[in-house]
Amino acid sequence: MILWASLPDMKLRIALGALSASLLLAAPLPAHAAGPPRLGWELKDTGVTARLRGLSPVSRNVVWASGSAGTVLRTVDGGRTWQNVSPPDTSALQFRDIEAFDANRAVALSIGAGTDSRVYRTQDGGRTWTETFRNDEPQAFYDCLAFFDHRHGLAMSDPVNGRFRILSTRDGGRSWQVLPSDGMPEALPGEAGFAASGQCLVASPGGRDAWLASGGASRARVFHSRDRGHTWTVTDAPIPGGDPARGVFGLAFRDRHRGIAVGGDYRPEQQSPDAGAVSRDGGDSWQPSSVPPPAYRSGVAWLPQLPFAAVAVGPSGSDVTYSGGRVWESFDGGSFDTVACAEDRSCWAAGEQGRVARLTVK
């Protein structure tokens, strides 16, 4: 008989196991008559060694990041200096997702089984924090956080009584309510989310659409809500499943229609030949990338400057697509984990050992 680890233990290993790094795109991509631009990395010094899996760039100057050992960082000068604004008495927590609204207001999610899943909120740049949610359901394990606007947001937990659990806020994270589960399809045996990049739950800015990524079951799936989390549909994704370490790890939607999914098998000794998929109908159906990323990828983000460009990152490197996710090509072999872009066209990612890097364009 093979005795498997419990789901919370497995998820903590998954959340802590993948490596990461980070990036900022400082200016609009220039036009290159000879072909697409060449991307590179410019490292920044954050002064910490925490693994930074949560990331929320507000602008070129203002970026928030969060991660292990209760760490929350903030820069207001484009990454030249970083302030450690971690909530007090949280060193045992893993802040795997963070959503920021400006230089002062941010909401951070810690992951874990039972009471380790919490939400904290600051409105003074991290000088003080308020705990606004603490999970009291032993089966729940919260993975990701997403906001539609400054007031409306969601957080998702692994299935409780056979269905993914959704939290909702209407006041910017000051209070949270568990939504009824009758609008959520039944989960598959072993199905869960991955707290690897803060991208297992994403929301359309200013809209009502939300998408949830899953794995750990016989097949990987993507859930879609059109009413801010009250009801959901679900469809299979052509990304490896069939194992607790496989599935969709990150989602990115450029609009209500065009989406990219990345994932695979996070274990470095395993192969992930089908690590990318695309959707053109809001996640109702997915097609495999014709030339996918070469290995497991945990994070993905659309580049604001070009209509069909996106970057995917993972432990073994980073890739770029100029075809909306159909064809990917590698441009760096370093280890990365999560990536995000701000409205002013600046893009960042976050990673291991407190590393931060700026994406440069040549």
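Structure shown above.
Every value quoted in this text rests on a predicted model; they were computed, and no experiment measured them.

**As for the overall build of the protein**
Piece 1. Helix and strand counts for the protein stand at one helix and 28 strands.
Piece 2. Computed over C-alpha atoms, the radius of gyration of the protein comes to 18 Å, within 12% of the 21 Å expected from 2.2 N^0.38 for 362 residues, which places it in the range of a compact globule.
Piece 3. Taken along its principal axes, the extent of the C-alpha atoms in the protein is 55 × 45 × 40 Å.
Piece 4. Counting across all 362 residues of the protein, residues that qualify as buried make up 62%.
Piece 5. Within the protein, residue pairs in contact and separated by at least 24 positions form 55% of the contacts whose partners lie at least 6 positions apart.
Piece 6. For the protein, the computed accessible surface area is about 13,900 Å², with 50% contributed by carbon and sulfur atoms.
Piece 7. In the protein, 37 side chains carry a positive charge and 37 a negative one; their mean positions are 4 Å apart.

**So, the sheet that holds strand β16 (residues 221-225)**
Piece 1. An order of β14-β15-β16-β17 is seen for the four strands of this open sheet, with the pairing classed as antiparallel. Each edge of the open sheet carries a strand with a single partner, namely β14 (201-203) and β17 (233-236). Neighbouring strand axes in the sheet, compared pairwise and without regard to direction, differ in orientation by 20 degrees on average.

**Points about the environment of T128**
Piece 1. One can find T128 in the loop between β8 (118-122) and β9 (130-134).
Piece 2. On the basis of relative accessible area, T128 is assigned to the partly exposed category, the value being 48%.
Piece 3. When the C-alpha positions of T128 and P88 are compared, they lie 8.6 Å apart, and in sequence the two are 40 residues distant.
Piece 4. Dropping the residues within four chain positions of it, T128 is found in contact with R121 and T122.
Piece 5. Among the polar contacts listed, one links the side chain of T128 to the side chain of D124, at a separation of 2.5 Å.

**A few points about the sheet that holds strand β20 (residues 276-279)**
Piece 1. The strand order across the open sheet formed by four strands is β18-β19-β20-β21, and the pairing between neighbours is antiparallel. Looking at strand neighbours, the two that pair on one side only are β18 (246-253) and β21 (287-288), the edges of this open sheet.
Piece 2. Where strand β19 (residues 259-265) lies against β20, four bridges are found, and the strand directions are antiparallel. Within β20, the position partnered with I260 by the bridge is V278.

**Considering the pairing of β16**
Piece 1. Where burial is concerned, most of β16 is hidden: five out of the five residues are buried.
Piece 2. Of the two faces of β16, the one carrying R221, F223 and S225 and the one carrying V222 and H224 are both buried.
Piece 3. Pairing of strand β15 (residues 210-214) with β16 involves five bridges; the strand directions are antiparallel. Across the sheet, residue W211 finds its bridge partner in β16, namely H224.
Piece 4. Here β15 hands over to β16 after six residues, with G216 in that stretch at a positive phi of 80 degrees.
Piece 5. As paired strands, β16 and β17 are joined by four bridges and run antiparallel to one another.

**Concerning the state of the cysteines**
The term disulfide refers to a covalent linkage connecting the sulfur atoms of a pair of cysteines.
Piece 1. Counted by the stated rule, this structure contains two disulfides.
Piece 2. Between the sulfur atoms of C144 and its disulfide partner C200 the distance amounts to 2.0 Å. Between C144 and C200, the S-S dihedral sits near 120 degrees, and the bridge is therefore right-handed. With C144 in strand β10 (residues 141-147) and C200 in the loop between β13 (177-178) and β14, this residue pair connects regions lying 56 residues apart in the sequence.

**Side note on the side chain of S110**
Piece 1. For S110, the position within the fold is in strand β7 (residues 106-113).
Piece 2. Once residues lying within four places of it in the same chain are set aside, the contact partners of S110 are L93, Q94, F95, D116, S117 and R118.

**Considerations on the pairing of β15**
Piece 1. By the criterion of burial, β15 is predominantly enclosed, with five of the five residues buried.
Piece 2. With three bridges joining them, β14 and β15 adopt antiparallel strand pairing. Among the inter-strand pairings, L201 is bridged to a residue of β15, identified as L212.
Piece 3. Connecting β14 to the next strand, β15, in antiparallel fashion are six residues, including G206 with a positive phi near 75 degrees.

**A look at empty space enclosed by the protein**
Piece 1. The tally for this structure, following the rule as stated, stands at one cavity of 30 Å³ or more.
Piece 2. Put simply, the largest cavity is a space of about 40 Å³.
Piece 3. Among the residues forming the lining of the largest cavity, the class breakdown is six nonpolar, three polar and one charged.

**What to know about the nonpolar core**
Piece 1. L154, M156, F164, I166, L201, L212 and W232 are the most contacted members of the largest nonpolar core, which has 17 residues in total.
Piece 2. Contributing elements (two or more residues each) for this core: β10, β11 (153-160), β12 (163-169), β14 and β15.
Piece 3. In contact with L212, not counting residues within four places along its chain, are M156, F164, I166, C200, L201, R221, V222, F223, W232 and L251.
Piece 4. One finds A309, V313, V320 and F336 within the second-largest nonpolar core, a separate group that totals 15 residues.

The rules we used
- Residues numbered from 1 in each chain as written.
- Predicted model: local features only at pLDDT ≥ 70, side-chain atom pairs only at ≥ 80, totals over all residues.
- Heavy atoms only, no water.
- Helix = DSSP H or I, 4+ residues; strand = E, 2+ residues; numbered from the N terminus.
- Rg over C-alpha atoms; globule rule 2.2 N^0.38 Å.
- Buried < 20%, exposed > 50% of the residue type's maximum accessible area, 1.4 Å probe, protein only.
- Contact = heavy atoms within 4.5 Å.
- Areas by Shrake-Rupley, 256 points an atom, 1.4 Å probe, with all protein chains shown as cover.
- Lys, Arg positive; Asp, Glu negative; His and termini not counted.
- Charge placed at Lys NZ, Arg CZ, Asp CG, Glu CD.
- Pairing = 2+ DSSP bridges.
- Axes fitted to C-alpha atoms, helices over the stretch in contact; angles between N-to-C directions.
- Polar contact = N/O pair within 3.5 Å; in protein donor to acceptor, adjacent residues only side chain to side chain.
- Disulfide = S-S within 2.5 Å.
- 1 Å grid on protein atoms, 1.4 Å probe; cavity = no way out; pocket = protein on both sides within 12 Å on 5 of 7 lines; lining within 4 Å.
- Points joined across faces, edges and corners; volume = space filled by probe spheres on them.
- Nonpolar A, V, L, I, M, F, W, Y, C, P; charged D, E, K, R; others polar.
- Core = buried A, V, L, I, M, F, W, Y, C linked by side-chain atoms within 4.5 Å.

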